[in-house]
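Commentary on secondary and tertiary structure
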Amino acid sequence: MYKIGEALIGSGNEIAHVDLIIGDKESPAGAAFVSGMTHLSLGHTPLLSVIRPNLMTKPATLIIPKVTVGDLKDADKIFGPAQTAVGRAVADAVNEGIIPKDQAEDLVILASVFIHPEAEDFRKIYQYNYGATKLAIQRAMDEYPSIDKVLAEKDRGSHPIMGFKAMKLWNPPYLQVALDLDNMDQMEMIINSLPDRERILLEAGTPLVKKFGVGIVSKIRELRKDAFIIADLKTLDVGRIEVKMAADETADAVAISGLGTIESIEKAIHEAQKQGIYSILDMMNVDNFVEKLNNLNYMPSIVLLHRNVDLETLKAERGENQGEMTEWGNIAEIKDILGKNGLVAVAGGITPNKVNQALDSQADIIVVGRYIIGSRDVRRAAEDFLEHMPQDPDTMRLALDEDESI
């Protein structure tokens, strides 16, 4: 038996990040413990955790420095405040019943400890590493997090060291602003005028891409580093190359034309999956998009439906039952084909008074172009649509909110 725990506590150069394994001496954790003590590496020498000199803690705990110990100044931080913090955290975990006292002799702990080379405040190093070690032990013993917690959080959180948030479409609806322009200055003006909202997606429209190349995505990224950016390439052929080009420019999604062959569409979708970005299958001018989807082995992340009044009128004239048919098609049927994670975007002259109709029809993304980019008041025009949508996800959530039992 062995358990795994992790915790990050603190801020600045003194921040503490502890990864640890707790297990029986007879388990793989015990073998790793012995191996760690007997196989030393330059700058990463493991050391036993002690409460004070000549008094190691129980369970026996091996500290493995994550960052190379380059000189005696670095060594002082590990052998002083960090070693003491880990040792006392382990002892307190036993004292408080987090680790059963009767198992203290049978268990071992391997703790990987991060100490920044520029950390200077020994008290903070001690405090943060004590807290991180104890929390990591608690989490290991509780087998935190549950898989449900992981799935609920995977698209929500951001890592403090990354410096940006990797945006995922986990909580629709969204407003996609189609930047169908051929003027760089106008594009910048519009982006700078738009509200800084997570519900806004930015589309590098086909005119922008054709005039300035796919590198326009990187330019948009400079203006809005955390935005979800779509490259509207309308890929018909050599999809793999075009998708990779867009991904290299940090696009979060690429639009693929539904008019392409099944083979070319599948190659583009597959490449998007490899690159870790969304694929959007644009059904503009596709006669039977349900049939097109049913013929695919690889499903797109998003299907974009355009207003199809002709189809609606034709069905009405024939006296056919339209059922769940909307002016964009049968959105519910499309979602059934895509599966539980599939999204549907709708486009085609949508104005604010049509938003509720689209959302009620299960649309996840409202694509708007001229109403916003052609407005004299871009911000107000965007807010006309956002008023029909919920507040951004997690706006009222505390940054340190956790679901661990107390």
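Quick note: structure is the one above.
First things first, this report covers the structure right here in the doc.

Calculation rules
Residues numbered from 1 in each chain as written. Predicted model: local features only at pLDDT ≥ 70, side-chain atom pairs only at ≥ 80, totals over all residues. Heavy atoms only, no water. Helix = DSSP H or I, 4+ residues; strand = E, 2+ residues; numbered from the N terminus. Buried < 20%, exposed > 50% of the residue type's maximum accessible area, 1.4 Å probe, protein only. Pairing = 2+ DSSP bridges. Contact = heavy atoms within 4.5 Å. Axes fitted to C-alpha atoms, helices over the stretch in contact; angles between N-to-C directions.

In this section: unusual backbone geometry. Pro-59 follows Lys-58 through a cis peptide bond whose omega is 0 degrees. Looking at the secondary structure, you find Pro-59 in the loop between strand E5 (55–56) and strand E6 (60–65). Across the junction of Tyr-144 and Pro-145, the peptide omega takes the value 0 degrees, indicating a cis bond. With respect to the helices, strands and loops of the structure, Pro-145 is situated in the loop between helix H3 (122–142) and helix H4 (147–153). Despite not being glycine, Glu-143 has its phi angle at roughly 55 degrees, a positive value. When you line up the elements, Glu-143 lands in the loop between H3 and H4. The backbone phi angle of Thr-250 is positive, close to 75 degrees, even though this residue is not glycine. On the basis of relative accessible area, Thr-250 is assigned to the partly exposed category, the value being 35%.

Adjacent strands of a sheet pair through backbone hydrogen bonds, lying either parallel or antiparallel. With mixed pairing, 5 strands are arranged side by side in an open sheet as E1-E2-E7-E6-E3. In the strand order of this sheet, the two ends are held by strand E1 (2–9) and strand E3 (47–48), each with one partner. Relative to strand E7 (residues 107–113), E6 runs parallel, the two sharing 6 bridges. Bridge pairing in E7 places Ile-63 opposite Ala-111. Across the sheet, helix H1 (residues 28–38) touches E1, strand E2 (16–24), E3, E6 and E7, and the angle it forms with E7 is around 55 degrees. Of the strands in this sheet, E3, E6 and E7 touch helix H2 (residues 72–95), which is tilted by about 145 degrees from E6.

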